[in-house]
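Spelled out, the chains give:
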Amino acid sequence: MKFDFHFVNGCSERMKGNLKEAQEHFKSCKELQPDNSAVYYELSMLHRMLGLNDLALEEALMCAGADPKNEWYQLLLIECYQTLHKTPELIKAREQLVKQFPERNDFKQDLAYTYALSGQFKKALKLYSELEKQLGVNEDLCMNKVKLYKELNRPQDAEQELIRLLRSKPEESLYRTYLADFYMEYKQTEKAKAVYDTLLIMDPDNPAVQLALHDYFSLKGEQKSAFEQLKLAFANAELDAGSKASILISYMEQSGNSPDFFAQGKELSGILLRVHPNTSEANTLYAEFLLRENKLDSASLFLSKATRLNAANYDTWDKLLLTDIELSRVDSLELHSSRAMEVFPNQAMVYYYNGYANLQLKNYNKALRSLSDGKELVNNNNSLMLRFLSSAGDAAYYAERYETAFKNYEDALKIDPDNTYVLNNYAYFLSLKNMDLEKAEKLSKRSLELRPEEKNYMDTYGWILYMQKRYAEAEVWLAKACAAPAVNANVLEHYGDVLFQNNKPDLAIQQWIKALESNPNNESLKAKIKCKCLNEKHDEK
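Because the structure is predicted, anything quoted here is derived from the model rather than measured.

Chemist: I'd like a rundown of the overall build of the chain, residues and numbers included.
Modeler: Helices and strands together make up the secondary structure of the chain, namely 31 helices and 0 strands. Relative to the compact-globule value of 24 Å for 541 residues, the chain shows a C-alpha radius of gyration of 38 Å, a clear excess of over 25%. When its C-alpha atoms are laid out on the principal axes, the chain stretches across 110 × 75 × 35 Å. Expressed as a percentage of the 541 residues in the chain, the buried residues total 47%. Restricting to contacts in the chain with at least 6 residues of sequence separation, those with at least 24 account for 47%.

What follows is the structure, given as structure tokens:
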């Protein structure tokens, strides 16, 4: 009764997945009946599931030895030997299984396969031949024998085996393809051509034949004929889109070095799209050729369709998002990156794209949320983390979350203390809030040391000096910033402000008027020009 209790509960716990509990029950069974082979079988199975393969083998040996005619025990032992890569023992166990069950052809096939894997090709051949006497000419047996003859460097025997297979079923075009492929492999091109000619009469629309003829003509150097056969195969709906895509990828890889390969690849991708218009592979590959021609508008349409057909391909999403950026389609970038975030919640880059898009659209809180979530997914990539932190700093500032903004800038500078973009923005935003102007000046000065010709950085430095009421120095830097051919309206306004503070009102008004021409909706500028005086509510960059 105790044994039955533990055995039944052990089986129950194993089925529930409670392996440790099951193990305890079967250990109790073993103590009660140490010679019970069924207990050793269950323990071996459990230990395999727990990854305790050495223990599993010990118990499998016990149950298999106790009951040699139990096929399940023998098969378990074989599995244990396979797991532990004990090939001699595995072969011996399979041989024993064949002796115990001589009527089981599947056991013989497994033994022949194991012989072949261990390099005992002649033994494998002998066993396959015995099986063939029982089963007759069989495709699987034949092809296995062909492989073995090749390993033994007996191509004539391999050829005869394929001919025997073909004669067993002359109407089967696939068997002729096997024979033609064999001739091609051994450079017997004329023999191969004779088989292909017969195939074309028998089955002219067979894509396997068309692909084989492509290989045949390629080997002979007749590239035009080879490409014609490939086009026929691509136009053939019986050949699946995935197989065609694999061929196209090789064209894609070589197209950079050869205009001919590019033209042929583009033509094939067009055929693929025409025959399989609703597959993601066809749309993605056609878009790839368009991208290489810099036809971004058209490429984006096919990439978008590809993501709808197969949302699980991240590479396609990445190409689509980058195309949105290249085309400056911020609305599309926001929409596509939002969808990509749903499909790939653990991909940091899609969060960055979404944050970037919302930053441009002035959805600052939404941008900050995406950037904050995304930076948690960045692992060991300082360059990417820097992009997240600098953008999050900008988004937080415009969302009026100043402490968060400055914390992101500080973290960014820990990664790269000389990042001029962060140095400049951090300094400028500190000055706009009239906070820690000494630090702002230091940051801005460092950005100018690194990029002394950058007009925007000159403006920031000049504006910080202005906020420190160092008007004479500020005028020098703001004048330099205004020396560029195309000057930002904010820079012109800043220059006007400092000119006014330096008692040059006429010159100041001239700069304000120029700034208003660039930014006609700036109410602050209009007020300054109208009253010919300073209005301290300055617009931000």
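Chemist: Report on the environment of L131, specifying residues and quantitative values.
Modeler: One can find L131 in helix α8 (residues 121–135). Sequence separation of L131 and Q501 is 370 residues, and the distance between their C-alpha atoms is 103 Å. Those residues in contact with L131 that lie beyond four places of it in its chain are N105, K108, Q109, G136 and L141.

Chemist: Tell me about unusual backbone geometry, residues and numbers included.
Modeler: Positive phi, normally seen in glycine, also occurs at H85, with a value near 55 degrees. As for its position among the elements, H85 is in the loop between α5 (71–83) and α6 (87–100). Its identity is not glycine, yet N434 carries a phi of approximately 55 degrees, on the positive side. With respect to the helices and strands, N434 occurs in the loop between α25 (420–432) and α26 (437–450).

Chemist: Which residues make up the packing of aromatic side chains, and what values go with them?
Modeler: Scanning the entire structure with this criterion turns up 29 aromatic pairs. Ring geometry for Y397 versus Y402: centroids 5.1 Å apart, planes at 55 degrees, classification tilted. A centroid spacing of 6.5 Å and a plane angle of 40 degrees characterise the contact between Y397 and F406, whose relative ring orientation is tilted. For the pair Y397 and F406, one class covers both residues: buried. Cluster of aromatic residues (ring-pair linked, three or more members): Y364, Y397, Y398, Y402, F406, Y409, Y426, Y428 and F429. Lying across the ring of F107, R104 places its NZ or CZ 4.1 Å from the centre. When the ring centre of W477 is taken as reference, the NZ or CZ atom of K480 above it lies at 4.3 Å.

Chemist: Go over the side chain of E334 with me, naming the residues and quoting the values.
Modeler: The topology assignment puts E334 in helix α20 (residues 330–343). Residue classification places E334 among the buried positions, given a relative accessible area of 13%. A distance of 2.9 Å separates polar atoms of two side chains, one belonging to E334 and the other to K366. The contact partners of E334, leaving out residues within four places of it in the chain, are N354, A357, N358, L361 and K366.

Chemist: Account for the packing of helix α19 (residues 314–326) against helix α21 (residues 348–360), with residues named and values stated.
Modeler: Direction vectors running N to C along α19 and α21 enclose 20 degrees, while the axes themselves pass 11 Å from each other. Classed by the angle they form, the pair α19 and α21 counts as roughly parallel. Remark: the crossing between α19 and α21 carries left-handed chirality. The residues of α21 that touch α19, namely those facing Y314, D318, L321, L322 and I325, are M349, V350 and Y353. Class assignment of the residues belonging to the contact of α19 with α21 gives a composition of 7 nonpolar, no polar and 1 charged.

Chemist: I'd like to hear about the state of the cysteines, residue by residue, with values.
Modeler: In the structure shown here, the tally under the stated rule is 1 disulfide. For C531, the disulfide goes to C533, at an S-S distance of 2.1 Å. When the S-S torsion is -100 degrees, as for the bridge of C531 with C533, the disulfide is left-handed. This cysteine, C80, is not joined by any disulfide, and C63 carries the nearest cysteine sulfur, 8.2 Å off. Free cysteine C482: the closest other cysteine sulfur is in C531, separated by 20 Å.

Chemist: Go over the confidence of the model for the chain, please, and point to the residues and values.
Modeler: In the predicted model, the chain carries a mean pLDDT of 91, and 99% of its residues have values of at least 70. For the stretch residues 537–541, pLDDT sits under 50, and the model shows 20 contacts to residues farther than four places along the chain or on other chains.

Chemist: Give a detailed account of helix α3 (residues 37–49), specifying residues and quantitative values.
Modeler: Compared with the 18 Å implied by 1.5 Å per residue over 13 residues, the 19 Å span of α3 between its first and last C-alpha is a close match. Those residues of α3 lying buried are S37, V39, Y40, Y41, E42, L43, S44, L46 and H47. At the N-terminal end of α3, a side-chain oxygen is found 2.9 Å from the backbone nitrogen of A38, two or three residues along, and the residue is N36. Of the residues flanking the end of α3, it is G51, one or two places downstream, whose phi is positive at about 80 degrees.

Chemist: Hey, could you go over the environment of K455 for me, with residue numbers and the actual values?
Modeler: For K455, the location among the structural elements is in helix α27 (residues 455–467). K455 sits in the partly exposed class, given a relative accessible area of 27%. Sequence separation between K455 and N53 is 402 residues, and the spatial gap between their C-alpha atoms is 70 Å. For K455, the residues in contact, after removing those within four places along its chain, are K480, A481, A483 and A484.

Chemist: Hey, could you go over the nonpolar core for me, with residue numbers and the actual values?
Modeler: Core analysis: the biggest nonpolar cluster contains 92 residues, and L248, L268, F388 and F406 have the highest contact counts within it. A per-element tally of this core places helix α23 (residues 382–398) first, with 9 residues. Not counting residues within four places of it along the chain, the set of residues in contact with F406 comprises Y397, Y426, F429, L430 and M435. Listed in part, the 56 residues of the second largest apolar core include V98, I163, F217 and A226.

Chemist: Any details on the pattern of salt bridges? Residues and values, ideally.
Modeler: By the definition in use, this model includes 36 salt bridges. Among the ionic pairs, R292 bridges to E288, the shortest N-O distance being 3.6 Å. Taken together, the residues R292 and E288, both in helix α17 (residues 280–292) and 4 residues apart, mark about one turn of the helix.

Chemist: Can you explain the side chain of Q229? Please cite residues and give values.
Modeler: Note that Q229 resides in helix α14 (residues 223–235). Once residues within four sequence positions are removed from consideration, Q229 is found in contact with Q210, L213, H214 and F217.

Chemist: For the environment of S304, give the residues involved together with the corresponding values.
Modeler: You can see S304 is positioned in helix α18 (residues 296–309). Assessed through its relative accessible area of 13%, S304 is described here as buried. Between the alpha carbons of S304 and L320 there is a distance of 6.7 Å; along the sequence they are 16 residues apart. Apart from residues no more than four positions distant in its own chain, S304 is found in contact with L320 and H336.

Thresholds applied
Residues numbered from 1 in each chain as written. Predicted model: local features only at pLDDT ≥ 70, side-chain atom pairs only at ≥ 80, totals over all residues. Heavy atoms only, no water. Helix = DSSP H or I, 4+ residues; strand = E, 2+ residues; numbered from the N terminus. Rg over C-alpha atoms; globule rule 2.2 N^0.38 Å. Buried < 20%, exposed > 50% of the residue type's maximum accessible area, 1.4 Å probe, protein only. Contact = heavy atoms within 4.5 Å. Phe/Tyr/Trp six-rings, centres within 6.5 Å; stacked < 30°, edge-to-face > 60°. Lys NZ or Arg CZ within 6 Å of the ring centre and 35° of its normal. Polar contact = N/O pair within 3.5 Å; in protein donor to acceptor, adjacent residues only side chain to side chain. Axes fitted to C-alpha atoms, helices over the stretch in contact; angles between N-to-C directions. Parallel < 35°, antiparallel > 145°, perpendicular 65-115°, else oblique. Left-handed = near helix turned anticlockwise from the far one by under 90°. Nonpolar A, V, L, I, M, F, W, Y, C, P; charged D, E, K, R; others polar. Disulfide = S-S within 2.5 Å. pLDDT = per-residue confidence, 0-100. Expected span 1.5 Å × (residues − 1). Core = buried A, V, L, I, M, F, W, Y, C linked by side-chain atoms within 4.5 Å. Salt bridge = Lys/Arg side-chain N within 4 Å of Asp/Glu carboxyl O.

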